[in-house]
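Each chain, letter by letter, is given below.
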Amino acid sequence: MTLQTPKITGSFCAIITPFDKSGAVDFGAFRELLQFHEANGTSAILIMGSTGEVSMLSPEERRQVIVETAKMKTDRMPLFYGCTGTNTQTTIDYVKFARDNGADGAILAAPAYICAPEADIEAYFLEVADSTDLPLGIYNNPPRVKSDLHWDSLLRLFKHPNYIIHKESTGRVGQVAQVLRARPDVSVMCCDSPNLGLVVPTMSLGGHGTANMGGNIAPAEIAAISRPWTSYAEAEAFRDTYLRILPLLHFNYSAINPVAVKSLMKAVGLPAGELRKPLTGLAPEALATGLRIVQELELDKKYGWKIKPVSSFAA
């Protein structure tokens, strides 16, 4: 029997993993960032997604992140965890650990690098779901993991009661339409990358929100474009906000995730810390573009950020 979790709608933000000066996970910063999200309309959080540099965390760090951040939960904002392992059994082990240590749910992608056939990945998702009663989500993310699921596979998987969330990160609007047409009992969400172009059609077709990383830097604005449409007024509000923040969305995806957004967070004073090597922050010239967008959108005034000159971020 699946644990009871209300349907998640709105902004489901994949949060960064903050590191301190020694390179360790900074749990004080984690608490501050979670409070920032809760105060600005984020509906739910994914910890240790690709935005959280999960592939560069050790197994011990991954377990520690679950234990410590689960203590920070509130009733208003569920915490899900990226639990994809290198194979089926390690994924099951991560899901079990998350379930036993306070997680509200887990998000799963196909194991990276192995490029498994679609039938094998479908079997993997079913085996993991059969191993737990923790609410789960599927992240269809072929650009990162090189395995892709057709809507037929997804709709078969969504018959499993443990799957409650779908995040689509292909560029196939038709796939999102087919899933929404079938009306599975899951929250259908999409990546906020403007390069994929899924946000507008997903929300217009009845999608439930975005599974995004832009909420790290603009949580209230991403929450506004992630609100399901129930009237023409909401569609108009979506259009106005989406077009206004479009330069920021493009900036966030101007480098491999999370390089741009984490660099920008640090520059405006949010407790993001450094990227984990071999990733490094944006060059000053590229960072200047992001800071200019923040100021043009007046996000610095809205969130109370004091932006330093770009030259101060140079190596």
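Rules used in this analysis
Residues numbered from 1 in each chain as written. Predicted model: local features only at pLDDT ≥ 70, side-chain atom pairs only at ≥ 80, totals over all residues. Heavy atoms only, no water. Helix = DSSP H or I, 4+ residues; strand = E, 2+ residues; numbered from the N terminus. Rg over C-alpha atoms; globule rule 2.2 N^0.38 Å. Buried < 20%, exposed > 50% of the residue type's maximum accessible area, 1.4 Å probe, protein only. Phe/Tyr/Trp six-rings, centres within 6.5 Å; stacked < 30°, edge-to-face > 60°. Lys NZ or Arg CZ within 6 Å of the ring centre and 35° of its normal. 1 Å grid on protein atoms, 1.4 Å probe; cavity = no way out; pocket = protein on both sides within 12 Å on 5 of 7 lines; lining within 4 Å. Points joined across faces, edges and corners; volume = space filled by probe spheres on them. Nonpolar A, V, L, I, M, F, W, Y, C, P; charged D, E, K, R; others polar. Axes fitted to C-alpha atoms, helices over the stretch in contact; angles between N-to-C directions. Parallel < 35°, antiparallel > 145°, perpendicular 65-115°, else oblique. Contact = heavy atoms within 4.5 Å. Disulfide = S-S within 2.5 Å. Salt bridge = Lys/Arg side-chain N within 4 Å of Asp/Glu carboxyl O.

Peer 1: Help me understand the overall build of the protein, please; the structure alone is not making it clear to me.
Peer 2: A tally of regular secondary structure across the protein gives 13 helices and eight strands. In terms of overall dimensions, the protein is globule-like: its C-alpha atoms have a radius of gyration of 18 Å, near the 20 Å expected for 315 residues. Summarising its shape, the C-alpha atoms of the protein cover approximately 50 × 50 × 35 Å along the three principal directions. Every one of the 315 residues in the protein was classed for burial, and the buried ones make up 54%.

Peer 1: Which parts of the structure should I look at to understand helix H11 (residues 259–268)?
Peer 2: Most of H11 sits out of view: nine of its ten residues are buried. Among all positions of H11, only Val-259, Ala-260, Val-261, Lys-262, Ser-263, Leu-264, Met-265, Ala-267 and Val-268 are buried. Phi turns positive one or two residues past the end of H11, at Gly-269, with a value near 100°.

Peer 1: I tried to follow the packing of aromatic side chains on my own but got confused; where do I start?
Peer 2: Note on aromatic pairs: each is described by the distance of the centres and the angle between the planes. All told, the structure shown has eight aromatic pairs when counted by the stated rule. When the centroid spacing of 6.3 Å and the interplanar angle of 80° are considered together, the rings of Phe-125 and Tyr-163 count as edge-to-face. Taken together, the residues Phe-125 in helix H4 (residues 118–130) and Tyr-163 in strand E6 (residues 163–168) connect sequence positions 38 residues apart. Classification of Tyr-163 as buried rests on a relative accessible area of 1%. Against the face of Tyr-94 rests Arg-62, its NZ or CZ located 3.9 Å from the ring centre.

Peer 1: Could you clarify how one ought to interpret the layout of surface pockets in this entry?
Peer 2: To find the voids left in a structure, one rolls a probe of water-molecule size over its atoms. When its volume is computed, the largest pocket comes out at roughly 680 Å³. Around the largest pocket, the lining comprises 33 residues; the ones closest to its centre are Ser-50, Val-54, Ser-55, Thr-84 and Ala-112. For the lining of the largest pocket, the secondary-structure elements that each account for two or more residues are helix H2 (59–70), helix H3 (88–100), strand E4 (105–108) and helix H5 (142–145). Its residues assigned to classes, the lining of the largest pocket shows 20 nonpolar, ten polar and three charged.

Peer 1: Looking at this structure, I do not really get the packing of helix H10 (residues 232–252) against H11. What am I missing?
Peer 2: How two helices pack is summed up by the angle between their axes together with the distance between the axes. Across the interface, H10 lies against H11 with an axial gap of 7 Å and an inter-helix angle of 115°. Viewed along their axes, H10 and H11 adopt a mutual orientation that is roughly perpendicular. Residue-level inspection shows Leu-248, Phe-251 and Asn-252 of H10 in contact with H11, the latter providing Ala-260, Val-261 and Leu-264. Looking at the contact of H10 with H11 residue by residue, the class counts come to five nonpolar, one polar and no charged.

Peer 1: Is there a simple way to explain the state of the cysteines in this structure?
Peer 2: A covalent bond between the sulfur atoms of two cysteines is what we call a disulfide. Scanning all chains against the criterion turns up zero disulfides. Free of any disulfide, Cys-13 has its nearest cysteine sulfur in Cys-191, 11 Å distant. We classify Cys-13 as buried; its relative accessible area is 0%.

Peer 1: Looking at this structure, how should I read empty space enclosed by the protein?
Peer 2: Overall, the coordinates contain two cavities of 30 Å³ or more when judged by the stated rule. Of the voids in this model, the largest cavity is the one considered here, and its volume is about 70 Å³. Together, Phe-12, Ala-14, Leu-46, Ile-107, Tyr-139, Ile-165, Lys-167, Ala-211 and Asn-212 line the largest cavity. Going through the elements one at a time, strand E1 (10–14), E6 and strand E8 (209–212) are the ones with two or more residues in the lining of the largest cavity. Of the residues that constitute the lining of the largest cavity, the class distribution is seven nonpolar, one polar and one charged. Around the second largest cavity, the lining residues are Ala-110, Ile-121, Phe-125, Tyr-139, Asn-140, Asn-141, Val-145, Ser-147 and Leu-149.

Peer 1: I tried to follow the pattern of salt bridges on my own but got confused; where do I start?
Peer 2: A side chain with one charge may pair with a side chain of the opposite charge, provided their charged atoms come close. Scanning all chains against the criterion turns up 16 salt bridges. Among the salt bridges present, the one from Lys-96 reaches Asp-100, with a minimum N-O distance of 3.0 Å. Within this pair, Lys-96 and its partner Asp-100 are both found in helix H3, separated by four residues, close to a single helical turn. With a relative accessible area of 51%, Lys-96 lands in the exposed category. Salt-bridge contacts for Arg-239 lead to Glu-236; the nearest nitrogen and oxygen are separated by 3.9 Å. Separated by three residues within a single helix, Arg-239 and Glu-236 lie in helix H10, roughly one turn from each other. Residue classification places Glu-236 among the partly exposed residues on the basis of a relative accessible area of 32%. Because the salt bridges share partners, they merge into one network encompassing Glu-236, Arg-239 and Asp-240.

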